[in-house]
Amino acid sequence: MTAASIIGAIVIGAILGLLGRLFAPGKQNISLVVTVIVGIIAALLGSAIARGLGVATTDGIDFIEILIQIVLAAIGVILAARLLGRRAH
């Protein structure tokens with residue numbers, strides 16, 4: 001893995017994680033680092049699922065792949081918030 005691909009994964013992960021938080025219902029008491037990690041995992045899993053479905057590479061923007069990644073990020077954010085969320089005292 002090159003430095004550029006690592007930086008790209010972090011940036012894409014941050015964007016997907018934040019979109020996941022946007023679409024996840026309720027308040028998520030998780031850190032930005034957890035959000036980015038969830039986004040990176042959602043990006044990787046979403047790409048693998050899109051490849052498996054045969055929709056990973058299309059002419060233009062791969063909207064189906066992006067939608068899969070955002071849905072996975074939202075699910076991941078919800079799970080992370082339930083498992084790791086900070087409790088308010």
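These numbers were taken from a predicted model, which means no experiment stands behind them. (Residues numbered from 1 in each chain as written. Predicted model: local features only at pLDDT ≥ 70, side-chain atom pairs only at ≥ 80, totals over all residues. Heavy atoms only, no water.)

(A) Main features of helix α1 (residues 3–23). Here α1 contains 21 residues, and its C-alpha end-to-end distance of 30 Å stays within 8% of the 30 Å for a straight helix at 1.5 Å per residue. Check the buried side of α1 and you find it contacts α2 (32–53) and α3 (63–84). (Helix = DSSP H or I, 4+ residues; strand = E, 2+ residues; numbered from the N terminus. Expected span 1.5 Å × (residues − 1). Contact = heavy atoms within 4.5 Å.)

(B) Quick look at the packing of α1 against α2. Packing of α1 against α2 brings their axes to within 6 Å, and their N-to-C directions diverge by 105 degrees. Regarding the angle of α1 to α2, the classification is roughly perpendicular. In this structure, α1 uses A9, I10, I12, G13, A14, L16, G17, L18 and R21 to contact α2, whose residues at the interface are L32, T35, V36, G39, I40 and A43. The residue inventory of the contact of α1 with α2, partitioned by class, reads 10 nonpolar, 4 polar and 1 charged. (Axes fitted to C-alpha atoms, helices over the stretch in contact; angles between N-to-C directions. Parallel < 35°, antiparallel > 145°, perpendicular 65-115°, else oblique. Nonpolar A, V, L, I, M, F, W, Y, C, P; charged D, E, K, R; others polar.)

(C) The side chain of E65, seen in detail. Checked against the element boundaries, E65 lands in helix α3. R51 provides the closest opposite charge to the buried, unpaired E65, separated from it by 5.6 Å. Here E65 is in contact with G46, S47, A50 and A56, once residues within four sequence places are set aside. (Buried < 20%, exposed > 50% of the residue type's maximum accessible area, 1.4 Å probe, protein only. Lys, Arg positive; Asp, Glu negative; His and termini not counted. Salt bridge = Lys/Arg side-chain N within 4 Å of Asp/Glu carboxyl O.)

(D) Geometry of α3. With 22 residues, α3 extends 30 Å from end C-alpha to end C-alpha; this agrees with the ideal 32 Å at 1.5 Å per step. Looking at the buried side of α3, the elements it contacts are α1 and α2.

(E) Summary view of the nonpolar core. Of all hydrophobic cores here, the largest spans 7 residues; its members are A24, I30, V34, V38, V77, A80 and A81. Elements represented by at least two residues in this core include exactly α2 and α3. At 3 residues, the largest contribution of residues to this core is made by α3. Contacts of V77, omitting those with residues within four sequence positions, involve G17, G20, R21, A24, Q28, I30 and V38. (Core = buried A, V, L, I, M, F, W, Y, C linked by side-chain atoms within 4.5 Å.)

Honestly, that's just the spatial picture; any functional story needs more than this.
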